[in-house]
Amino acid sequence: MSACKRLVCLVKQRRLWAPTRRNVSTWSPVGTAFNARPHKRQDFFEKSVGLFGVPELSSPEGFQAAAKTALRNTERLVGRACSSPAGVGTVECFDQLSDELCKVADLADFIKVAHPDPEYREAAEKTCIEIGTVVEKLNTNVELCQSLKKLLDDPKIVAQLDPDTRRVAELFMFDFEISGIHLDEKLRKEAVGLHVKLLDLNNAFLIGSHTPNRIAKAAIPQHLHMHFGSEGSFIQVGGLHADSPDDLLREIAYRVYLYPNADLLDCLEELLRCRYKLAKLVGYKSYGHRALKGTMLLTCSSLLSLRTKKDFRMMRDMKKKLNPRNPPSLYSPYLSLGGCMEGLNSLFSQLYGVSLMSEHPSAGEVWSEDVRKLVQPSVTAQYPAVVHETEGLLGHIYCDFFQRSDKPHQDCHFTIRGGRWCQDAGRYQLPVVVLMLSLPHPTKSAPTLLTPGMMENLFHEMGHAMHSMLGRTRYQHVTGTRCATDFAEVPSILMEYFATDYRVLSQFARHYQTGQPLPESMVARLSESKKVCGAADTQLQIFYAVLDQIYHSKPQNRSTTEILKDMQQKFYGLPYTPNTAWQLRFSHLIGYGAKYYSYLMSRAVASMVWKQCFIQDPLNRSETILNTLWYICGHGGGVRPETGWYCMLQRRPTTEDFVEALVSELDPNFDTFIMDSES
């Protein structure tokens, strides 16, 4: 069954949306599209347009053709960059060069983990390595670097550059510097070799981190078999089942899913050694020092005193009082997927003027048999579209929301194509992104029903999507989420605050059968139950961030499991479980290596923005708020994080401000607690 839908956003006139009560049978087209069961396409005679509308990708062999075309264009652009006079054209050429490679590599990076066909996955994986190898060679290409250095070393030329162009030029130069451009030829080749080796190790670890573990069926109670995948006489455990109310089920999933895999342990150890060696080779004390260059690290140690053991005990007691009254299953009937998408549609309409509408995709356009997409019907385009009243189309979002075999059990956002201004064509290249979740399929009797956690994750990932859609940067190198890691999670985490505010939920959360709205008292209890375990959740994030930093510091001369056990004892309130290796499921070590702390920093920034701009009225459409929202999403990596924070908050937050923002999130509302206890 298809797991995909395609989203398109249309910007309407900037007017306040007036919510109206509807019967369950009168969902909007968006709600209907996501609440209906998908049907197979009857397009046997329709010619395939290729994945994402790329004609070459109508078959796995097309990746080789797409890569060949990109590399041919790359060679031409390198020649132009090295021979053209220094100026704005140099930076535009660099960005076009980057775009040619990213359009193939980013698409392949998604397909290698998400496509159900192993032939497509294998072809995409080969393409990732091929393009990645070329990128690392270009990052140590002396002649190419000199063409950019000539520009940046000339004060007269630099003075004529606009801020965006200068920023992008400096970022490209930064890429040269951290790749070892300053080394002699022999050491540059060694650096490229390490980079290429890391491509293989990164890919192996990423795939391994999402691969299920298996156990003999006879080893677990038969009544629990239905919750897991089956492979002959074995049960496959592909996740933690953290939302299950069954204690035994959660324990079995935890112990089996996190059971150590010797080969993957060796892969991680070698990956960390290789990163350290590369960092030392190019002149850094550790990989962490290299990764954090140009970011603003929030010192994790300053967060360690968030709560005492006494606080934890009090919060656990409160959790027992609050949570059993409203387990996730009681919320789910009010949180159908279609209803939540309709809520996002309404929210985006009010905040940004963006609406979502439905349309079928073309044959072969997506990676599943049976696909629905959202699009504005009056717009004719190769993809589903996001349209702005003055700027036209904004971009395209594909929603891969449902569970399927061989699909990673991780919610994430993929950039398939970055937005940029195409000077030669005189038009803007529209961004394309994918949102990937693992939601249950709808049934004959009910649409897909979300737990509060699933709903919050949906809002989070849609925040990433809007970050990409609303960006209108001149250069794709800094578009949307291609910004400092410190800042990339701010728009998505900000969306989580809207997801738990009753004033927002009341506009869409209603029972899928009766149409009754979600009671305000249930929302209050849900919010308070999150707070009373908030300290533990924050401590867990601190533990993850510290573990990430230790792994990427100097070699520890002990196993990654020994390090994890030690860090868990120091930085988290729960003990290590023997014969587990959680670090082997820590896939963020690949994309967020030495940068996982960014989640804490971004949460603190999002908290400050929420309290300053939205806590009084989450649907505030004042000009100041509108400018803040567009500033958060519109500039991408074109501005430094500290500049972005200042423009949003009108001040430069200190470490103490970040800590206070996180701590203040944990203060419980005792009125809700007392009211619930008495009732």
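For every chain, the first residue of its written sequence is number 1, and the numbers climb from 1 along that sequence. Only residues with pLDDT of at least 70 get local features here, since the model is predicted, and only at 80 or more are side-chain atom pairs given and counted; chain-wide, interface and lining totals rely on the full set of residues. Working from all heavy atoms in the structure, the side-chain values ignore hydrogens and water.

- The name an unreviewed UniProt entry assigns to the chain is Mitochondrial intermediate peptidase a, from the organism Oryzias sinensis.

**Concerning the overall build of the chain**
Argument step 1. Within the chain, the regular secondary structure consists of 27 helices and 13 strands.
Argument step 2. In the chain, buried positions account for 57% of the 679 residues.
Argument step 3. When contacts within the chain are restricted to residue pairs at least 6 apart in sequence, long-range pairs at least 24 apart make up 77% of them.
Argument step 4. Per-residue and other accessible areas follow the Shrake-Rupley method at a 1.4 Å probe size, with only the shown protein chains counted as cover for residues. Summed over all atoms, the accessible surface of the chain reaches about 29800 Å², with 53% contributed by carbon and sulfur. Strands here mean DSSP runs of E at least two residues long; helices mean DSSP runs of H or I at least four residues long; both are numbered from the N terminus. For the exposure calls, accessible area comes from a 1.4 Å probe over protein chains only, and a residue counts as buried if that area is under 20% of its type's maximum, exposed if over 50%, partly exposed in between. What makes two residues a contact is simply this: any of their non-hydrogen atoms within 4.5 Å.

**Looking at unusual backbone geometry**
Argument step 1. Of note, Asp-406 is a non-glycine position whose phi angle comes to about 65°, a positive value.
Argument step 2. Structurally, Asp-406 is set in the loop between β9 (392–402) and β10 (412–417).
Argument step 3. You can call Asp-406 exposed: its relative accessible area is 54%.
Argument step 4. Unusually for a residue other than glycine, Ala-594 sits at a positive phi of about 65°.

**Considering the environment of Cys-422**
Argument step 1. Along the chain, Cys-422 turns up in strand β11 (residues 420–422).
Argument step 2. A residue is classified by how much of its surface remains accessible, and Cys-422, at 10% relative accessible area, is buried.
Argument step 3. Residues Cys-422 and Gln-96, spaced 326 residues apart in sequence, show a C-alpha to C-alpha distance of 8.6 Å.

**Re the nonpolar core**
Argument step 1. Buried Ala, Val, Leu, Ile, Met, Phe, Trp, Tyr and Cys residues form a nonpolar core when they are joined through side-chain atoms within 4.5 Å. Judged by nonpolar contacts, the single largest core of 157 residues is most densely connected at Phe-52, Phe-110, Tyr-352, Phe-401, Leu-458 and Phe-614.
Argument step 2. If near-sequence neighbours (up to four positions away) are discounted, Phe-614 is found in contact with Leu-351, Leu-494, Phe-498, Arg-503, Val-609, Ile-625 and Leu-629.
Argument step 3. Counting 28 residues, the second largest nonpolar core, distinct from the first, contains Ala-105, Ile-131, Leu-151 and Phe-172.

**A word on the pattern of salt bridges**
Argument step 1. We define a salt bridge as a contact between a side-chain nitrogen of Lys or Arg and a carboxyl oxygen of Asp or Glu at a distance within 4 Å. Inspection of the entire model under this criterion finds 25 salt bridges.
Argument step 2. Note that Glu-122 is salt-bridged to Lys-126, the shortest N-O span being 3.6 Å. Separated by four residues within a single helix, Glu-122 and Lys-126 lie in helix α4 (residues 118–138), roughly one turn from each other.
Argument step 3. Judged by its relative accessible area of 45%, Glu-122 is partly exposed.
Argument step 4. Overall, Lys-126 belongs to the exposed group, its relative accessible area being 55%.

**With respect to the pairing of β10**
Argument step 1. In terms of burial, β10 is largely enclosed, as six of its six residues are buried.
Argument step 2. Any two strands between which DSSP finds at least two bridges are classified as paired. As paired strands, β10 and strand β13 (residues 432–439) are joined by five bridges and run antiparallel to one another. Along β13, the bridge assignment pairs His-413 with Leu-435.

**What to know about the confidence of the model for the chain**
Argument step 1. Confidence per residue, as judged by the predictor, is encoded in pLDDT with a range of 0 to 100. Averaged over every residue, the pLDDT of the chain is 85; residues scoring 70 or more account for 85%.
Argument step 2. Mean pLDDT across the secondary structure elements of the chain bottoms out at strand β2 (residues 9–11), with 40, and peaks at helix α10 (residues 262–281), with 98.
Argument step 3. Across residues 1–25, where pLDDT falls below 50, the model places 118 contacts with residues more than four positions away in sequence or in other chains.
Argument step 4. For residues 375–389, every residue scores under 50 in pLDDT, and the model assigns this stretch 66 contacts once sequence neighbours within four places are set aside.

**Focus on the state of the cysteines**
Argument step 1. Criterion for a disulfide: a pair of cysteine sulfur atoms at a distance within 2.5 Å. Using the criterion set out here, one finds zero disulfides in the structure.
Argument step 2. Counting only cysteine sulfurs, Cys-82 is the nearest neighbor of Cys-93, a cysteine outside any disulfide, at a range of 8.5 Å.
Argument step 3. On the accessibility criterion, Cys-93 (4% relative accessible area) is buried.

**A few points about the packing of aromatic side chains**
Argument step 1. Note on aromatic contacts: the rings of Phe and Tyr and the six-membered ring of Trp form a pair at centre separations within 6.5 Å, being stacked when their planes are under 30 degrees apart, edge-to-face when over 60 apart, and tilted otherwise. In this structure the tally under the stated criterion is 25 aromatic pairs.
Argument step 2. Ring centres 5.0 Å apart and planes at 45° place the aromatic pair Tyr-596 and Tyr-599 in the tilted group.
Argument step 3. Note on Tyr-599: relative accessible area 17%, which makes it buried.
Argument step 4. By the ring-pair criterion, three or more aromatic residues cluster together here, those being Phe-543, Tyr-544, Tyr-572, Trp-582, Phe-586, Tyr-592, Tyr-596 and Tyr-599.
Argument step 5. Placement of a positive charge over a ring is assigned whenever Lys NZ or Arg CZ falls within 6 Å of the ring centre and within 35 degrees of the normal to the ring plane. For Arg-214, the ring lying beneath its charged end belongs to Phe-234, and the centroid distance is 3.9 Å.
Argument step 6. Geometry around Tyr-257 places Arg-585 over its ring, the cationic atom sitting 3.7 Å from the centre.

**Side note on the side chain of Asp-400**
Argument step 1. You can see Asp-400 is positioned in strand β9.
Argument step 2. For Asp-400, a relative accessible area of 0% puts it in the buried group.

**Focus on the sheet that holds strand β5 (residues 234–237)**
Argument step 1. Pairing in this open sheet of three strands is antiparallel, and the strands run β3-β5-β4 from one edge to the other. Where the open sheet ends on each side, the last strands, each with one partner, are β3 (213–216) and β4 (229–231). Pairs of neighbouring strands in the sheet enclose a mean axial angle of 35°, with direction left out of account.
Argument step 2. Relative to β5, β3 is paired through four bridges, and the arrangement is antiparallel. Within β5, the position partnered with Asn-213 by the bridge is Val-237. Interaxial angle, 0 to 180 degrees, is taken between N-to-C directions of lines fitted to C-alpha atoms, where a helix line uses only the stretch in contact.

**Things to note about the layout of surface pockets**
Argument step 1. For the second largest pocket, the calculated volume is near 900 Å³.
Argument step 2. Here a cavity means grid points, on a 1 Å grid over the protein atoms only, where a 1.4 Å probe fits yet cannot get out; a pocket means an open set of points with protein on both sides within 12 Å along at least five of seven lines; lining residues are those with an atom within 4 Å of a point. Contributing to the lining of the second largest pocket are 40 residues, with Asp-99, Glu-100, Lys-103, Arg-417 and Gln-429 lying nearest its centre.
Argument step 3. Every element with two or more residues in the lining of the second largest pocket is listed here: α2 (62–83), α3 (88–114), β10, β11 and β12 (427–429).
Argument step 4. Ranked by residues supplied to the lining of the second largest pocket, first place goes to α3 with 11 residues.
Argument step 5. The classification used treats Ala, Val, Leu, Ile, Met, Phe, Trp, Tyr, Cys and Pro as nonpolar, Asp, Glu, Lys and Arg as charged, and all other residues, Gly among them, as polar. Of the residues contributing to the lining of the second largest pocket, the split by class is 20 nonpolar, eight polar and 12 charged. Grid points are joined across faces, edges and corners, and a volume is the space filled by probe spheres set on the points.

**Here's the deal with helix α21 (residues 560–571)**
Argument step 1. With 12 residues, α21 extends 16 Å from end C-alpha to end C-alpha; this agrees with the ideal 16 Å at 1.5 Å per step.
Argument step 2. Turning to α21, its buried residues number three or more, namely Thr-560, Thr-561, Ile-563, Leu-564, Asp-566, Met-567, Gln-568 and Phe-571.
Argument step 3. Those residues of α21 hidden inside the fold are in contact with α10 and α20 (534–551). Residue count minus one, scaled by 1.5 Å, sets the expected span of a helix.

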